[in-house]
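# Summary of the model geometry
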Amino acid sequence: MEWRSGKRGFAVLLALLGVLAVACWPAAARAASWFVDEAGFHASAHRDIACADCHPDQADGDHPRLDKLNKAASTAFNRETCLMCHAAVEEELAQGRHAGKPLMKTQDYNRCVACHNPHTVLGPEARAKGLTPQSDMRAACNVCHEAKKDLPKPAPEVAACFTCHGRVTGGAAAAGSAVFARGKSPTQPVMCLSCHGPEAQGPARKMDSAAFAAMTHGDMNCLTCHKEAARFPHNRQAQVNCLACHTRHDEKTIHEAHSRVDCGACHLAGVTPVRTAEGRVGFTVNAGSLQVHSMALKPGTASCVRCHSAVVTPQSPAGNGAVGAANAVLPPKSVLCMGCHAATFSVQDTPSRLGLAVFLLGFAVLGLFWLSTTNLGKGEAKAVAADAKTGDAAAGQTHGCPAPAPHAPAQNRWRAFFGDVFLQGRLYREAPLRWAVHACIFFPFLFRCAWGLLGLLGSLWAPAAQWPWLLLNKDWGPTALLYDLSGLVLLAGLTAAAVLWRREKKTAANAPRHDWPALWLLLAITLTGFVLEGLRIALTGLPQGSAWAFAGYALAQVFAAASPSALARVYGWGWYAHAVITALTVAYIPFSQLRHIFTSPLYLLVQTLRGRH
């Protein structure tokens, strides 16, 4: 029983500490801000005190003091300033009590602002009427007097401070916007321009406020993006995350390679792209006047050459593969690449355009030929009857299509169709060994196509979500591992096919005719793909997570011996070599045995619709 009582008391103590922390933390957080809520100050116990009474060091004409802005917020507090008016508190603390309650050893009573915000602390009268520092003072005006539309004007010396430090309660300002100089454009806080304006004195970086007003975000408050700029220390602000308001470009615009590039590396003026330790491409702000607020991209490749350039130039300060970019500005992967990659619904490179044109033309000719035959045309019934009389087992295979199965019940037709198309069931029943070899080729293509297509569609339909970009991130562990495994399985399947075909040619009297050019093209695609993956990992500095792509990572460690500039040159040429081989493969499909990739599912679909599958 004593143990339970002690446990219950400990739980109550923790709860009280939690309540105290929640009650005190908002006050401390607000006290660290440079802005003062005007309505809260009007209702506070200190409303009739001039700012200089508590901040005498800020009234000496040397304000703001830039050396103080980069210190911790605690350095701005002076306990003696509080005790000048609250001497009784010091006496009470010496007696072990505060506000009539015993002191808690865990509470730092020497730092008043840990619990009390001096700009919103309420007097006894206000607290007696039920007000708290967290109350919406504008909504609570009628607690003390008849509600007013506007706050009464503070004393002139307070109003002067509020020109920069005031914060209006309600509307957009409640999120942390400053009260702007009366009569001036509300596009920028006076506080920011006091240090960063073109006419400000001191070492702070300057910006052209008139030019900023005409820029993309010229009608927005500085604190909309720089949310922590009004807190101590000022020089440790996190880089602005554009994705807090914007969504990423879709895959057609930025390609998968740019999903790890910060928006500012491309969009901002006056910056230099740099590669971070995590393998991302970020940026540093160039010396001189602030130009980073200009976000208008110039036409052409003016932004691209920052990273994609062979040498260091004023237009390409990164140069020499410093951020792991190829010297060539590579187009996005085309629709021809979807069999293996997260590609796009576009064809923007010349090899892919030519390959797709030949592919479509070849199948158009084959389509006209098929429509003129009886297998898929109106005379099919007669052809089937003739086949039945002659016992021709090859019926339906005149043009590389599989022979139809006997009539099946309706409920089994679609199950058989999906089993034959996606699981290769018909091939398994005929020859398990050939099915195993074929599966090592077919399933890697199927998996990679599904993975890439899911990521692509996610980037188009849900760009604000995180999962599409994980699927598209080659250095994300699951993506890297599964892509490498599927590539190795594909390579093993193609190698096994070559061995099997060679053995059949030597041992079988009537060996089937095999399409060796198609096999060599697929092998070339696979091998160049692994080489490109190794080059990419080496070029980007072996980024975090890339080790999961163990085969590509092993190649990257070999390529890492070369200079970044050499890798940057080779990668561009290698990309186009891989694209040319892919385009040749696609163009060859209609004229090779590879056309069964399209013809067999089509034929099986027609047979299923006609009830003959």
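Computed from a prediction, not measured in an experiment: that's the story for all the values here. (Residues numbered from 1 in each chain as written. Predicted model: local features only at pLDDT ≥ 70, side-chain atom pairs only at ≥ 80, totals over all residues. Heavy atoms only, no water.)

The UniProt record annotates "transmembrane region" (unreviewed entry) at residues 354–372, 435–461, 481–500, 520–539, 545–563 and 570–591. As annotated, residues 435–461 has a helix share of 100% and a strand share of 0%, and its two end C-alpha atoms lie 37 Å apart. (UniProt positions renumbered as here; feature names shortened; annotations may be inferred. Helix = DSSP H or I, 4+ residues; strand = E, 2+ residues; numbered from the N terminus.)

A packed helix pair is summarised by two numbers, namely the angle formed by the two axes and the spacing between the axes. It is at 10 Å that the axes of helix H20 (residues 477–507) and helix H21 (residues 516–539) come closest, and there the two elements cross at 150°. Regarding the angle of H20 to H21, the classification is roughly antiparallel. Handedness of the H20/H21 crossing: left-handed. In this structure, H20 contributes Asp484, Gly487, Leu488, Leu490, Leu491, Leu494, Ala497, Ala498, Trp501 and Arg502 to the contact, and H21 contributes Trp516, Leu519, Leu522, Leu523, Thr526, Leu527 and Phe530. Residue composition of the contact of H20 with H21, by class: 13 nonpolar, two polar and two charged. (Axes fitted to C-alpha atoms, helices over the stretch in contact; angles between N-to-C directions. Parallel < 35°, antiparallel > 145°, perpendicular 65-115°, else oblique. Left-handed = near helix turned anticlockwise from the far one by under 90°. Contact = heavy atoms within 4.5 Å. Nonpolar A, V, L, I, M, F, W, Y, C, P; charged D, E, K, R; others polar.)

What follows is about the nonpolar core. In this structure, Phe363, Leu494 and Leu519 are the most contacted members of the largest nonpolar core, which totals 20 residues. When residues of this core are traced back to their parent elements, those giving at least two are helix H14 (350–371), helix H18 (432–461), H20 and H21. Among the elements that make up this core, the one with the highest residue count is H20 (six residues). Discounting residues that sit within four places of it in the chain, Phe363 has contacts with Trp370, Ile589, Pro590, Arg595, Phe598 and Thr599. By size, the runner-up hydrophobic cluster in this structure holds 16 residues, among which are Ala326, Ile537, Ala556 and Tyr571. (Core = buried A, V, L, I, M, F, W, Y, C linked by side-chain atoms within 4.5 Å. Buried < 20%, exposed > 50% of the residue type's maximum accessible area, 1.4 Å probe, protein only.)

Leave glycine aside and you will find that most residues have negative phi; peptide bonds, for their part, are mostly trans. Omega for the peptide link from Phe232 to Pro233 comes to -15°, which places this bond in the cis form. Take Pro233: it is sitting in the loop between helix H11 (222–225) and helix H12 (251–254). Positive phi, close to 55°, is recorded for Ala99, a residue that is not glycine. Structurally, Ala99 can be placed in the loop between strand S2 (97–98) and strand S3 (101–102).

According to the stated counting rule, one finds zero disulfides in the structure shown. The thiol of Cys85 is not disulfide-bonded; the next cysteine sulfur, from Cys54, is found 6.5 Å away. Judged by relative accessible area, Cys85 falls into the exposed class, the value being 63%. Not part of a disulfide, Cys195 finds its nearest cysteine sulfur in Cys192, a span of 8.8 Å. Assessed through its relative accessible area of 10%, Cys195 is described here as buried. (Disulfide = S-S within 2.5 Å.)

Here we take up the pairing of strand S6 (residues 281–285). Relative to S6, strand S5 (residues 271–275) is paired through five bridges, and the arrangement is antiparallel. Along S6, the bridge assignment pairs Val274 with Gly282. Where S5 folds back onto S6 in an antiparallel hairpin, the turn is made up of five residues, including Gly279, whose phi is positive at roughly 90°. (Pairing = 2+ DSSP bridges.)

Across all of its chains, the model carries 15 aromatic pairs by this definition. Relative to Phe598, the ring of Phe363 lies with its centre 5.5 Å away and its plane at 75°, an arrangement referred to as edge-to-face. Of this pair, Phe363 sits in helix H14 while Phe598 sits in helix H24 (residues 596–609), and the two are 235 residues apart along the sequence. Note on Phe363: relative accessible area 17%, which makes it buried. A network of ring pairs unites the aromatic residues Tyr428, Trp435, Phe442 and Phe443 as a single cluster. Positioned over the ring face of Trp516 is Arg502, at 5.3 Å from the centre of the ring. (Phe/Tyr/Trp six-rings, centres within 6.5 Å; stacked < 30°, edge-to-face > 60°. Lys NZ or Arg CZ within 6 Å of the ring centre and 35° of its normal.)

Moving on: the environment of Ala492. Structurally, the position occupied by Ala492 is in helix H20. Considered as a pair, Ala492 and Leu523 are 31 residues apart in the sequence and their alpha carbons are 9.9 Å apart.

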